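Letter by letter, the chains look like this.
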Amino acid sequence: MNVVFAVKQYISKMIEDSGPSMKVLLMDKETTSIVSMVYTQSEILQKEVYLFERIDSLNRETMKHLKAICFLRPTKENVDYLIQELRRPKYSVYFIYFSNVISKSDVKSLAEADEQEVVAEVQEFYGDYIAVNPHLFSLNILGCCQGRNWDPVQLSRTTQGLTALLLSLKKCPMIRYQLSSDSAKRLAECVKQVITKEYELFEFRRTEVPPLLLILDRCDDAITPLLNQWTYQAMVHELLGINNNRIDLSRVPGISKDLREVVLSADNDEFYANNMYLNFAEIGSNIKNLMEDFQKRKPKEQQKLESIADMKAFVENYPQFKKMSGTVSKHVTVVGELSRLVSERNLLEVSEVEQELACQNDHSAALQNIKRLLQNPKVTEFDAVRLVMLYALHYERHSSNSLPGLMMDLRNKGVSEKYRKLVPALVEYGGKRARGSDLFSPKDAVAITKQFLKGLKGVENVYTQHQPFLYETLDHLIKGKLKENQYPYLGPSTLRDRPQDIIIFIIGGTTYEEALTVYNLNRTTPGVRIVLGGTTIHNTKSFLEEVLAAALHKRSTETSQVTSRPASRR
């Protein structure tokens, strides 16, 4: 179960099926992102695709010597654009591939528009999601819910993305969902409806143990997206932001023009592939080794070129040298900026207190530590409010809860109201009333013993004590112990055996820390393959935008309900 390979295969097949000769790739906004995540432009150029165009671009030139490969989402807008295109074709022949199921009526409309008979093929290739890592996918949807309920448009898009994922991996799963979430049940029902309606598409070879789709809700664990991260990929996303593998470095002091935006892709960057799951301390020493290796090679390239053989060797090695030079400058810049932010924002100290809030149960120590950090001028208002949020979630019902005092401390520190109002919004989103699980206290004797022993031994790293709640959920699922009264099956069938192929989907977004958990479980659990996806991949900033969007919608709904009540007569 490799989502990057699945999407890559679809794109390779499109290009191969169109045959030799020069080609243009026509895409929409979303499929452009889908393609760019698995192929570089230079890789596609090698396959005779010389032009990349958007279907909604109005000033495209007519180029009858090119074949057109159209890879589009089956939306009404795209079908309309295609109809216009086919009435006045700009290219010699069209190979049309939709990223999901297309209706018969839309195919009929396209056939009627194709008066010049330029369409060679219309097919469905189910690459309708963003493949991030081999075991991680996203739909790039921020703000999928309105209060506690789905935004209907996003529910439809999520259903399409999830069913496309199942089709691309050739899985017809049994479905379980988080009972405490209406959104999870609703999505489970929508996916089931598509599987029932398109049953012919889902007729795959039966496996001894059926695959399993488990649908979860971000509300159940609002802690994980709030924490600072210390492994490379997660840390880059938390502090700099990763958008379709691209990192915007334009705000970095003194940045050179060619490093304003860099790409971090494990497929095309060996250093990143080897280091994305390592912690920050290890990255630092590996960067040093990379630099030393580069320095060793550098003088050789600058030796005098006295013979033809010297010149030949230089030309052969130059592309590798140039690539290595780019890799070195990119990672040195990224790691340098991470180091600057860690120091400037006092993140080591902040993160240590975050981890204590997430993993320990010492209320008075936690309160003291937060108050101390709120006095520190280096701690930004963003990090200050994050600490208070973690406290608000953990000690929501504690007898000595001091949240009003901490809110006052935030005000005295000069934290803007925009940030302060996020604290009650977050408790509303992921507090005790919203959760179906108990995030903070161990559930059984085994877990209590584990926590006790962990306390005795201490932890290898105070900055990585936290394990996402997803780890416990998956651990129980793999062992066949996940409670059906909390995670029921949709429909009458249940799984008798332990699951082997597991697809996890988190409504409201997943995180790179959870992706690391899945990566480690895949590595250490023989016979089990897990793929993780979410409506988006969060860092703290995007997660708080999601929380705020849900809260604002809830408030506006409540206001409209109040104003629409008839006035009582006296």
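Structural data are supplied above this passage.
The written sequence of each chain sets the order in which its residues are numbered from 1. Given that this is a predicted model, residues contribute local features only at a pLDDT of at least 70 and side-chain atom pairs are listed and counted only at 80 or more, while totals for whole chains, interfaces and linings are drawn from all residues. The side-chain figures draw on all heavy atoms in the structure; neither hydrogens nor water molecules are used.

Asks: How should I be thinking about the overall build of the protein chain in this particular structure?
Replies: In terms of regular secondary structure, the protein chain is built from 21 helices and 18 strands. Three exposure classes are used, based on accessible area relative to the maximum for each residue type with a 1.4 Å probe and protein chains only: buried under 20%, partly exposed in between, and exposed over 50%. Relative to its 570 residues, the protein chain shows a buried fraction of 51%. With the model as given, the accessible surface of the protein chain reaches about 28500 Å², and the carbon-plus-sulfur share is 50%. Think of it this way: any DSSP run of H or I at least four residues long counts as a helix, any run of E at least two long counts as a strand, and we number them from the N terminus. Per-residue and other accessible areas were derived by the Shrake-Rupley procedure at a 1.4 Å probe size, with only the shown protein chains allowed to occlude residues.

Asks: Explanation requested: the nonpolar core in the structure shown.
Replies: In summary, soluble globular proteins display a tendency toward joint burial of nonpolar side chains. We define a nonpolar core as any set of buried Ala, Val, Leu, Ile, Met, Phe, Trp, Tyr and Cys residues linked to one another through side-chain atoms lying within 4.5 Å. Of all hydrophobic cores here, the largest spans 115 residues; its most connected members are Ile215 and Ile504. Top element by residues in this core is helix 1 (residues 3–17). It accounts for eight residues. Contacts are assigned to residue pairs that have any heavy atoms within 4.5 Å of one another. In contact with Ile504, other than residues within four places in its own chain, are Leu214, Leu216, Leu470, Leu474, Leu477, Ile530, Val531, Leu532 and Gly533. One finds Cys359, Val385, Leu387 and Tyr419 within the second-largest nonpolar core, a separate group that totals 42 residues.

Asks: Help me out: how do you make sense of the environment of Ala188 in this one?
Replies: Summarising the element assignment, Ala188 is placed in helix 7 (residues 182–197). Here Ala188 falls in the buried class, since its relative accessible area comes to 0%. When the C-alpha positions of Ala188 and Ile215 are compared, they lie 7.0 Å apart, and in sequence the two are 27 residues distant. If we skip the residues at most four places from it in the chain, Ala188 touches Ile175, Tyr177, Ile215 and Leu490.

Asks: Any chance you could explain helix 8 (residues 232–239) here in plain terms?
Replies: An α-helix turns once every 3.6 residues. As a result, residues three or four positions apart point the same way. A large share of helix 8 lies buried, amounting to eight of its eight residues. Buried within helix 8 we find Tyr232, Gln233, Ala234, Met235, Val236, His237, Glu238 and Leu239. Once helix 8 finishes, Gly241 follows within two positions and takes phi at roughly 90 degrees, a positive value.

Asks: Which parts of the structure should I look at to understand the pattern of salt bridges?
Replies: Any two side chains of opposite charge can pair, given that their charged atoms come close. Salt bridges are defined as contacts in which a side-chain nitrogen from Lys or Arg sits within 4 Å of a carboxyl oxygen from Asp or Glu. In this structure the tally under the stated criterion is 27 salt bridges. A salt bridge links Asp80 to Lys76; the shortest N-O distance between them is 3.0 Å. Here the residue Asp80 and the residue Lys76 both occupy positions in helix 4 (residues 76–87), the gap between them amounting to four residues, near one helical turn. Classification of Asp80 by relative accessible area gives partly exposed; the value is 31%. Put simply, Arg386 and Glu238 hold a salt bridge, and the shortest N to O gap is 3.2 Å. Here Glu238 lies in helix 8 and Arg386 lies in helix 14 (residues 381–394), a separation of 148 residues in the sequence.

Asks: Looking at this structure, I do not really get helix 20 (residues 512–524). What am I missing?
Replies: Its 13 residues place the ends of helix 20 18 Å apart at the C-alpha level, agreeing with the 18 Å of an ideal helix rising 1.5 Å per residue. If you check which residues of helix 20 are buried, you get Tyr512, Glu513, Glu514, Ala515, Leu516, Thr517, Val518 and Leu521. Residue count minus one, scaled by 1.5 Å, sets the expected span of a helix.

Asks: Please explain the packing of aromatic side chains as it appears in this structure.
Replies: Given two aromatic rings, their pairing is described by the distance between the two centres and the angle made by the two planes. Only centres within 6.5 Å qualify two rings of Phe, Tyr or Trp (six-membered ring in Trp) as a pair; their planes then separate them into stacked at under 30 degrees, edge-to-face at over 60, and tilted for everything else. Counted according to the given criterion, the structure contains twelve aromatic pairs. With a centroid separation of 5.7 Å and 65 degrees between ring planes, the pair formed by Tyr129 and Phe137 is classed as edge-to-face. Through pairs of rings, three or more aromatic residues link up here, namely Tyr10, Tyr97 and Phe125. Looking at Lys8, its charged tip hangs above the ring of Tyr39, at a distance of 5.2 Å from the centre. The criterion is that NZ of a Lys, or CZ of an Arg, lies within 6 Å of the ring centre and within 35 degrees of the ring normal, and then a charge sits over that ring.

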